[in-house]
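Observations on the model geometry
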Amino acid sequence: METTKLFGIFFGNLLVSRKNMYNFAGRMEQCPSCCGCTRSYLTDSEMKVLKFGGTSVGSVKSILSLKKIVEAEARTQPVIVVVSALNGITDKLIVTSQMAKNGDSHYREEFEAMVSRHHQMIDAIITDDKKRVDLFNSVDQLFDQLRSIYYGVYLIHDLSEKTQDTIISYGERLSSHIVAALFKNGVRMNARDFIRTENKQGKHVLDTELTNQLVKEAFSSVCGSSAATNKTVLVVPGFIARDRDSHETTNLGRGGSDYTAAIIAAALDADVLEIWTDVDGFMTADPKVIKSAYTINELSYVEAMELCNFGAKVIYPPTIYPVCIKNIPIKVKNTFNPEHPGTLIKDKIDDDMKPIKGISSIKGTTLITVTGLSMVGVIGVNRRIFTTLADRGISVFMVSQASSENSTSIGVRDEDAAAAVEVLNQEFQKEIETGAMFPMQAESGLATIAIVGENMKHTPGIAGKLFGTLGRSGISVIACAQGASETNISFVVDGRFLRKSLNVLHDSFFLSEYKVLNLFICGIGTVGGMLLEQIRTQQQILMQKKRLKLNVVGISDVYNFVLDRDGIDLDNYEKILRAGEPANTENMRDEIVKMNIFNSVFVDCTASKQIASLYQTFLEHNISVVAANKIAASSDYDSYMKLKQTARDRGVWFRYETNVGAGLPIIGTINDLCNSGDKILKIEAILSGTLNFIFNEIAADVPFSETVRRAKEQRYSEPDPRIDLSGTDVIRKLVILTREAGYKVEQEDVEKHLFVPDSYFEGSLDDFWKRLPELDADFEARRKVLEAEGKRWRFVATMEDGKTNVALKEVPKDHPFYPLEGSNNIVLLTTERYKEYPMLIQGYGAGAAVTAAGVFANIMSIANI
């Protein structure tokens, strides 16, 4: 990690002199007997260095793909192939050595499993009998050596660094023998003959000058050998090296095979370095976290370095430096998908308009804060911090310092945190004892995120958009850092919010191919079921035309609920729901909050008071709410205002347009009037499509009780029609409209003039249906009188100057309410601007389809913000 950071620190300065360094003197003379197997170093012929990682040589399928790729390249140009150990072998070598050291005799079983794996690979890919026998001999000689080393470790229970380095070198030594045998003219080269390291502060550091000289000599020698032919493939084991002084086996660190390839490419002036791995290239983010992440076509060296340093494990970070100063491009390609163009890393990116190229992250971050008043203006405090940590081998990947200089926060990995706190407390022990500084404060369980892009420097407002986006999603930034180059903004968040942070930033900065809105649908009855059907039929259309993905991540009914952050198949949701968790309001609330999913909306299509009670929690956790349920918006005034204020404070949305008038734009219109400075003086409205349907249906041959039953059967009424007949539904709607108009009102404040006696609302629903026909005779008598007078019944809600009432009224033919048909609603708004001629809004006010459409419209209004 120290090597990685060393490159990162000096990378920007080195870029400045890259072009001058490229025109270096003393380039190698052409080999007089060059056979074409490698580059002639002064000719114009192209030469590639191809590096294949552990997954690329880890299976029969992948290694045969490697063979095909290399042979295609070798037909037209010299090729050098650098290989890693078989996938998982390096880890296995380390684990087995620890077992041997600890005296665990089962190390032999692990060792034999490695032998067996390599033997099986050879049997599967080498068809020539003689070549197979020769390869078995070479591989078994190496295994005999390794067996002896393990046995020695087992006997003395000691594992020195020198021995450990020797053991792990066998992974690449073995794989390079196997890969070289794949090719008719494959020549294996020993990297320890030309990759040299030196010991600096106990670490193996590349001796660049000596290594470059030896690389040129080694490849010139092979180029002129009698064994070389036109299509010779040179195979080099990556990772391993040799100490320049002791000549002992060393290595370039985990991921060092990439570095080996870059060193060779730079020393030989290759035209391109290709890194073949198991992904299509650099991605805009981790595809395991962000499903919509996609491959980045081109990156600059600086951008690639920044992404690598912050967790993008596509290539080993030091790989970039040697080829960068020679201006050699890097291609990252997929062994399992060789047709994919991959990612090209080079100096300048043409027609690059995107300010952000990618998002990377580091899990398991601990933030250590060094603080004290004695730090202000004192020179050398930071030097002491970083020197102390470097001496202990602890890498710092982020630094954030207050402008007052009284505190410095440093980011380290969780596994280094305890040691870092210990050594810093020791270093500043005297200052801590005198009170000039405080003991180190460590906060673990965090994550570091970096957004990377060279064009950020040309785009104002990136940082503002970044922190605004995180804030609206309820994500607090604990520390942040940005260099003057403006290619990287790094920040630390609570580790629990890593997935949410990555998703919301990827979506916000248009790195995603489409915007995602994650929906929890509660209630799948008449309205909820219709809403799900409408979403299902529109999903593909919205993806294609609006680049919007409506991802239904949760569905619940009265029996079960199911959550799936990847999305629920709406063609099969009923079956999936039946297999879900038992419905429990508190459990569902906790699980939704625990998902901590970005751009999320809870959609309530129930009439449940329990469900409405969840809104506050959801809003506090930055989950927007869309409600067809009227209970919350018509509850006590303080609760209603708290919901709206919480939504504003959290930067999320509380939408309930369908609470009044189903899909009619009534609440939105009142809000627009008030927000533009108008004042609502009076509201007159027929707000119950159910009651309007009933009083339009009633006739000489259709008694009152039958109209109520028809309203229920045709799904105009609530599941319990008494809610409509009691005026409760209308009262709630009137209270909501009055509040939206700017008046404080409670349901108890509404004056009621009802048409069904209170006794009919007592008892069970079955009792109600049995007794309802008792009212038919009275209604029929009154209806005849009304018909003779040319009038109709209308249940009217009225607000005037904040005073509210509901009543069954008789309206004449010239009244706007008289011709209202079916289940339609109508609203007359008298305002200071619309005083002489009130504004009229009229249309369907009930029905599952229009209500679901209104809910859908609320969802879309959030998506379009």
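Keep in mind it's a predicted model, so treat the numbers as computed, not measured. (Residues numbered from 1 in each chain as written. Predicted model: local features only at pLDDT ≥ 70, side-chain atom pairs only at ≥ 80, totals over all residues. Heavy atoms only, no water.)

A count of helical and extended segments in the chain gives 30 helices and 31 strands. Its C-alpha radius of gyration of 37 Å places the chain more than 25% over the 29 Å reference for a compact globule of 865 residues. Principal-axis analysis of the C-alpha atoms places the extent of the chain at approximately 120 × 75 × 55 Å. Looking at the chain as a whole, 53% of its 865 residues are labelled buried. The contacts in the chain between residues at least 6 apart in sequence include a share of 72% that link residues at least 24 apart. Summing over all exposed atoms, the chain offers an accessible surface of approximately 37900 Å²; the carbon and sulfur share of this is 49%. (Helix = DSSP H or I, 4+ residues; strand = E, 2+ residues; numbered from the N terminus. Rg over C-alpha atoms; globule rule 2.2 N^0.38 Å. Buried < 20%, exposed > 50% of the residue type's maximum accessible area, 1.4 Å probe, protein only. Contact = heavy atoms within 4.5 Å. Areas by Shrake-Rupley, 256 points an atom, 1.4 Å probe, with all protein chains shown as cover.)

On to the sheet that holds strand S8 (residues 249–251). Strands pair in a sheet through their backbones, by hydrogen bonds, and they do so in one of two ways: parallel or antiparallel. Strand order across the open sheet formed by four strands is S5-S4-S7-S8, with mixed pairing between neighbours. The open sheet is flanked by strand S5 (203–206) and S8, the only strands paired with a single partner. For this sheet, the mean angle separating the axes of adjacent strands, direction not counted, is 55 degrees. In this sheet, strand S7 (residues 240–243) lies alongside strand S4 (residues 196–200) in parallel orientation, the contact comprising two bridges. Along S7, the bridge assignment pairs Arg-196 with Arg-242. Where helix H7 (residues 161–181) meets the sheet, it contacts S5, S7 and S8, and its direction lies at approximately 75 degrees from that of S8. (Pairing = 2+ DSSP bridges. Axes fitted to C-alpha atoms, helices over the stretch in contact; angles between N-to-C directions.)

Working note: non-glycine residues mostly have negative phi, and peptide bonds are mostly trans. Even without being a glycine, Phe-239 presents a positive backbone phi close to 80 degrees. Along the polypeptide, Phe-239 turns up in the loop between strand S6 (233–237) and S7. A positive phi angle, close to 50 degrees, is found at Asn-596, a residue other than glycine. With respect to the helices and strands, the residue Asn-596 is situated in the loop between helix H19 (585–595) and strand S23 (600–604).

Together, Asp-636, Asp-638, Glu-748 and Asp-749 make up a negatively charged patch on the protein surface. Following the sequence through the fold, Asp-638 ends up in helix H22 (residues 637–650). (Patch = residues over 30% accessible without salt bridge, like charges linked within 9 Å, V, L, I, M, F, W, Y side chains within 5 Å. Salt bridge = Lys/Arg side-chain N within 4 Å of Asp/Glu carboxyl O. Lys, Arg positive; Asp, Glu negative; His and termini not counted. Charge placed at Lys NZ, Arg CZ, Asp CG, Glu CD.)

Together, Lys-288, Lys-291, Lys-313, Lys-363 and Arg-499 make up a region of like positive charge exposed at the surface. Among the secondary structure elements, Arg-499 is positioned in helix H16 (residues 498–508).

Attention now goes to the pattern of salt bridges. Within this structure, the stated rule accounts for 40 salt bridges. Between Arg-536 and Glu-533 there is a salt bridge; the shortest N-O distance is 2.7 Å. Placement of both Arg-536 and Glu-533 in helix H17 (residues 526–546) is noted, with a separation of three residues, approximately one turn of the helix. The class for Arg-536 is partly exposed, based on a relative accessible area of 31%. Exposure remark for Glu-533: the relative accessible area of 35% places this residue in the partly exposed category. Salt-bridge contacts for Lys-682 lead to Glu-684; the nearest nitrogen and oxygen are separated by 3.8 Å. Through salt bridges with shared partners, a single network forms among Glu-198, Lys-200, Asp-207, Arg-244 and Asp-245.

A few words on the side chain of Ser-473. Structurally, the position occupied by Ser-473 is in the loop between helix H15 (462–472) and strand S17 (479–482). Within the structure, the side chain of Ser-473 is placed 3.2 Å from the backbone oxygen of Thr-469, a separation counted as a polar contact. Look past the residues within four positions of Ser-473 in its chain and what remains in contact with it is Lys-500, Val-504 and Asn-622. (Polar contact = N/O pair within 3.5 Å; in protein donor to acceptor, adjacent residues only side chain to side chain.)

Taken in spatial order, the eight strands line up as S3-S6-S2-S1-S9-S11-S12-S10 in an open sheet, and their pairing is mixed. At either margin of the open sheet sits one strand with a lone partner, and together these are strand S3 (186–188) and strand S10 (298–300). Each strand of the sheet is rotated relative to its neighbour by a mean of 20 degrees, with strand direction disregarded. Its contacts with the sheet place helix H10 (residues 301–309) against S10 and strand S12 (343–346), and it is angled at close to 90 degrees to S10.

As a further point, take the nonpolar core. Membership of the largest hydrophobic core comes to 107 residues, with the highest contact counts inside it found for Val-49, Phe-194, Phe-219, Ile-264 and Phe-282. Core analysis: the second largest hydrophobic core is formed by 100 residues, Ile-359, Ala-627, Tyr-656 and Leu-786 among them. (Core = buried A, V, L, I, M, F, W, Y, C linked by side-chain atoms within 4.5 Å.)

Take the state of the cysteines next. Overall, the coordinates contain zero disulfides when judged by the stated rule. There is no disulfide at Cys-324, and the cysteine sulfur nearest it, in Cys-308, is 13 Å away. The closest cysteine sulfur to the non-disulfide-bonded Cys-522 is located on Cys-605, 8.1 Å from its own sulfur. A relative accessible area of 4% places Cys-522 in the buried class. (Disulfide = S-S within 2.5 Å.)

Residues Tyr-151, Leu-155 and Ile-156 make up a contiguous nonpolar surface patch of roughly 320 Å² in combined accessible area. Of note, Tyr-151 is situated in helix H6 (residues 129–156). On the basis of relative accessible area, Tyr-151 is assigned to the partly exposed category, the value being 40%.

The pLDDT averaged across the chain works out to 89; a share of 92% of its residues lies at or above 70. When mean pLDDT is taken per element in the chain, strand S24 (residues 624–627) scores highest with 98 and helix H2 (residues 18–22) scores lowest with 36. Low confidence marks residues 1–44, where pLDDT is under 50. Its contacts with residues over four positions away, or in another chain, come to 92 contacts. (pLDDT = per-residue confidence, 0-100.)

Bringing the side chain of Thr-260 into the picture now. When you line up the elements, Thr-260 lands in helix H9 (residues 256–267). Look past the residues within four positions of Thr-260 in its chain and what remains in contact with it is Val-82, Val-236, Pro-237, Gly-238, Phe-239 and Leu-252.

Before going further, it helps to examine the environment of Val-806. Along the chain, Val-806 turns up in strand S29 (residues 803–811). Residue classification places Val-806 among the buried residues on the basis of a relative accessible area of 0%. Along the chain, Val-806 and Lys-346 lie 460 residues apart, while their C-alpha atoms are 73 Å from each other. In contact with Val-806, other than residues within four places in its own chain, are Val-730, Ile-731, Leu-734, Val-750, Glu-751, Lys-752, His-753, Phe-795, Val-796 and Ala-797.

To continue, consider the packing of helix H5 (residues 107–125) against H6. In the contact formed by H5 and H6, the axes pass within 11 Å of each other and the chain directions differ by 170 degrees. Judged by the inter-axis angle, H5 sits roughly antiparallel to H6. Of H6, the residues touching H5 (which contributes Tyr-107, Arg-108, Phe-111, Glu-112, Met-114, Val-115, His-118, His-119, Ile-122 and Asp-123) are Arg-132, Leu-135, Phe-136, Val-139, Asp-140, Phe-143, Leu-146, Arg-147, Tyr-150, Tyr-151 and Tyr-154. Residue composition of the contact of H5 with H6, grouped by class: 13 nonpolar, two polar and six charged. (Parallel < 35°, antiparallel > 145°, perpendicular 65-115°, else oblique. Nonpolar A, V, L, I, M, F, W, Y, C, P; charged D, E, K, R; others polar.)

Under the criterion given, the structure shown has 20 aromatic pairs. Summarising the aromatic geometry, the rings of Tyr-107 and Tyr-150 are spaced 6.1 Å apart at their centres and angled 50 degrees between planes, so their arrangement reads as tilted. Linking Tyr-107 in helix H5 with Tyr-150 in helix H6, this pair joins segments that are 43 residues apart in sequence. Like Tyr-150, Tyr-107 is buried. For the pair Phe-602 and Phe-618, a centre-to-centre distance of 4.6 Å together with 40 degrees between the ring planes defines the contact as tilted. (Phe/Tyr/Trp six-rings, centres within 6.5 Å; stacked < 30°, edge-to-face > 60°.)

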